[in-house]
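# Structure at a glance
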Amino acid sequence: MPKFEYRKADSVTAAIALYEGYKGQASYLAGGTDLIPRVKSRLSTPTAVIDLKGVEALKTISRHGGSLVIGANATLFALKNDATVQEYFPALRASLEATSCEALQMRGTIGGNILQNTRCLFYNQSLAWRTARGLCFKMGGEICNAAPGAKRCFSNYCSDNALPLLTLSATLAVSGPQGERKIKLEKLFSGKGKNPFTLLPGEILTEIHIPLKKSQGAYEKLRVRGSIDYPLVGAAVSVLGGKGRVAVGGIGLEPLVYDLKDLEGDTLEEAADKACQDAKPVANAVLTPAYRKKMVRVLAQRAIRKTMQEAK
Ligand SMILES: Cc1cc2nc3c(=O)[nH]c(=O)nc-3n(C[C@H](O)[C@H](O)[C@H](O)COP(=O)(O)OP(=O)(O)OC[C@H]3O[C@@H](n4cnc5c(N)ncnc54)[C@H](O)[C@@H]3O)c2cc1C
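Residues numbered from 1 in each chain as written. Predicted model: local features only at pLDDT ≥ 70, side-chain atom pairs only at ≥ 80, totals over all residues.

## Thoughts on the overall build of the chain
Operational definition: Here a strand is any run of E in DSSP of at least two residues, a helix any run of H or I of at least four, and the numbering for each starts at the N terminus. For this measure, only C-alpha atoms enter the radius of gyration; the expected value for a globule follows 2.2 Å times N^0.38, where N is the number of residues. The burial criterion counts other C-beta atoms lying within 10 Å of a residue's C-beta, which is placed from the backbone; the residue is buried at 20 or more, exposed at 12 or fewer, and partly exposed between these limits. Here, residue contact means that the backbone-derived C-beta atoms of the two residues sit within 7 Å.
Counting secondary structure elements, the chain contains eleven helices and twelve strands. Here the C-alpha radius of gyration of the chain, 19 Å, is about what a compact globule of 312 residues would show, namely 20 Å. Its C-alpha atoms put the chain at 55 × 50 × 35 Å along the principal axes. Here the chain holds 312 residues, and the buried ones make up 46% of them. Contacts spanning at least 24 positions in sequence make up 64% of the contacts within the chain whose residues lie at least 6 apart.

## A closer look at the nonpolar core
Soluble globular proteins tend to pack their nonpolar side chains together in the buried interior. Which entries qualify depends on this criterion: Joining buried Ala, Val, Leu, Ile, Met, Phe, Trp, Tyr and Cys residues through C-beta atoms within 7 Å gives a set, and that set is a nonpolar core. What counts as a domain boundary in this text is fixed by an automatic or database domain assignment.
Counting residues in hydrophobic clusters, the biggest one holds 72 residues, and the most contacted among them are Val 246, Val 248 and Ala 300. Per-element tally for this core: the top contributor is helix 11 (residues 289-311), with six residues. No fewer than three residues from each of domain 1 (1-54) and domain 2 (216-311) sit in this core. Filtering out sequence-adjacent residues up to four positions away, Val 246 remains in contact with Thr 167, Ala 235, Val 237, Tyr 258, Leu 260, Ala 271, Ala 275, Ala 300 and Ile 304. Tyr 123, Phe 137, Cys 144 and Phe 154 belong to the second-largest nonpolar core, a separate cluster that totals 14 residues.

## So, helix 10 (residues 265-278)
Put simply, the test is: Working rule for helices: expected span equals 1.5 Å times residues minus one. Comment: arc refers to directions from the helix axis out to C-beta atoms.
With 14 residues, helix 10 should cover 20 Å at 1.5 Å per step; its first-to-last C-alpha distance of 20 Å lies within 8% of that length. For helix 10, every residue scored as buried is listed here: Leu 268, Ala 271, Ala 272 and Ala 275. Seen from one end, helix 10 has its buried residues packed into an arc of 90°, which puts them on one side. Exposed side of helix 10, more than 90 degrees from the buried face: Gly 265, Asp 266 and Gln 277 are the residues found there. For helix 10, the secondary structure elements touched by its buried residues are strand 11 (243-249), strand 12 (256-260) and helix 11.

## Brief notes about the site of the ligand
Selection criterion: For each residue, a C-beta position is placed from the backbone atoms; the residue is near a molecule or strand when that point lies within 6 Å of it. In this classification, Asp, Glu, Lys and Arg are treated as charged, Ala, Val, Leu, Ile, Met, Phe, Trp, Tyr, Cys and Pro as nonpolar, and every other residue, Gly included, as polar.
Residues in close proximity to the ligand total 31 residues, the closest being Ala 30, Gly 31, Gly 108, Gly 112 and Asn 113. Of all the elements in the fold, those that place two or more residues in the shell around the ligand are strand 2 (26-29), helix 2 (35-40), helix 7 (110-114) and strand 8 (204-211). Among the residues forming the shell around the ligand, the class breakdown is 15 nonpolar, 13 polar and three charged.

## Things to note about the sheet that holds strand 10 (residues 233-240)
We count it as follows: For two strands to pair, DSSP has to find at least two bridges joining them. Only the contacting stretch of a helix is used when fitting its axis, a line to C-alpha atoms as for every element, and angles between N-to-C directions run 0 to 180 degrees.
Reading across the sheet, the four strands line up as 9-10-11-12 and stay open at both edges, with antiparallel pairing between neighbours. The two strands at the open ends of the sheet, each matched to only one other strand, are strand 9 (216-222) and strand 12. For this sheet the average axis-to-axis angle between neighbouring strands, irrespective of direction, equals 10°. Sheet topology places strand 10 next to strand 11; seven bridges connect them, and they run antiparallel. Bridge pairing in strand 11 links Ser 238 to Arg 245. Where helix 5 (residues 90-98) meets the sheet, its contacts fall on strand 9 and strand 10, and the angle it forms with strand 9 comes to roughly 25°.

## Describing unusual backbone geometry
In most cases, non-glycine residues show a negative phi, while peptide bonds are predominantly trans. For Lys 23, which is not glycine, the phi dihedral falls at a positive 50°. Locating Lys 23 in the fold gives a position in the loop between helix 1 (12-21) and strand 2. The class for Lys 23 is exposed, based on 9 C-beta atoms found within 10 Å. Even without a glycine there, the phi angle at Ser 100 is positive, about 45°.

## Digging into the packing of helix 10 against helix 11
Operational definition: Note on angle classes: values under 35 degrees are labelled roughly parallel, values over 145 roughly antiparallel, values of 65 to 115 roughly perpendicular, and the remainder oblique. Less than a right angle of anticlockwise turn of the near helix away from the far helix marks a crossing as left-handed, whereas a clockwise turn marks it as right-handed.
Packing of helix 10 against helix 11 brings their axes to within 8 Å, and their N-to-C directions diverge by 155°. Taken together, helix 10 and helix 11 sit at an angle that is classed as roughly antiparallel. Of the two possible hands of crossing, helix 10 and helix 11 adopt the one that is right-handed. Taking contact as the criterion, the partners of Leu 268, Ala 271, Ala 272, Asp 273, Ala 275 and Cys 276 in helix 10 are, on helix 11, Lys 293, Val 296, Arg 297, Ala 300, Gln 301, Ile 304 and Met 308. Grouping the constituent residues of the contact of helix 10 with helix 11 by class yields nine nonpolar, one polar and three charged.

## Quick look at the environment of Leu 92
Checked against the element boundaries, Leu 92 lands in helix 5. Leu 92 sits in the buried class, given 31 other C-beta atoms within 10 Å. When sequence neighbours within four positions are dropped, the list of residues in contact with Leu 92 reads Val 85, Asn 161, Pro 164, Leu 165 and Leu 168.

## With respect to the domain arrangement of the chain
Here the chain is described as being made up of domain 1 (1-54) and domain 2 (216-311). The straight-line distance from the C-alpha centre of domain 1 to that of domain 2 is 34 Å.

## A few points about the pairing of strand 8
Of all the eight residues making up strand 8, seven are buried; the element is thus mostly covered by neighbouring parts of the structure. Where strand 5 (residues 67-71) lies against strand 8, five bridges are found, and the strand directions are antiparallel. If you follow Leu 68 over to strand 8, its bridge partner there is Ile 210. In the sheet, strand 6 (residues 171-176) pairs with strand 8 via five bridges, with the strands oriented antiparallel. The residue of strand 8 that forms the bridge with Ala 173 is Glu 207.

So this is what it looks like as structure tokens:
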């Protein structure tokens, strides 16, 4: 493990002040299940790690102003067992259940889950292994080792839970050196491999807000090991107030999101077809691109059918 300074903050303001002291060379730490493996393999080399686990205000889950307000440091396990999530947001309940294993759910946070870095078979490797072929876009170079000749990075965003949150129109509250702001979850994604998120340096994700309306929904996931694995394709659907949304992920830098025009048969099939057309998986995961592309339609259809059955 490379050396870094460990600092612990007890408030968001203190964490931001610590960050500023390291002139951009620090990383925030929540559960550490994404960050620490990255540091171990030298994918990330912060001078300091600023632990947010001491910030109690980031751990609460409460109903407020017509929304469920989820602190970014709430664990996946706490969120999965929250009564409002269970009653109102079945797609999110299902994605939390499908995330990794319970040991990781007890350590990993929802904020860290949303902000986990993108992954690629040619990138999540040792330093010697991944540099042997040359620096790829994600490492700051000009090539893609997974799709030779490609003009951009195709690494995969593998958060299970961002997908239902997108279908539920979640917004994010962030706080940083420049103050506080709110962004729609879909605006979080930059589409760039090296830095996949639009957060500004030093910004902390503080809360996730979901409009408090009962929904019907489902989440379907393709993974190799049923007991613990990242999604190779994920598909979420939520329907509420006569409107529906589909989000598909695990197959590129950012999720694909579709509004269902109405909730009739043809429209539902069209959404699954469109997601399959738009998905551009490359050979950067353990299953073939052709199979993963096909599974985008299959999983989107399954999630839509489950949701519509529930809605009847
Ligand atoms: C074996 C294994 C299996 C996994 N399987 C899955 C899976 O099936 N599905 C899935 O979705 N994920 C999976 N993950 C990925 C991920 O580690 C977890 O889902 C977890 O939720 C990440 O949360 P964390 O709190 O540990 O994040 P951390 O590692 O602490 O943080 C992740 C990133 O977010 C930043 N960060 C964290 N909190 C904040 C904040 N509040 N503000 C600003 N920046 C912040 C950190 O600096 C870091 O860059 C897996 C990881 C492992 C190791």
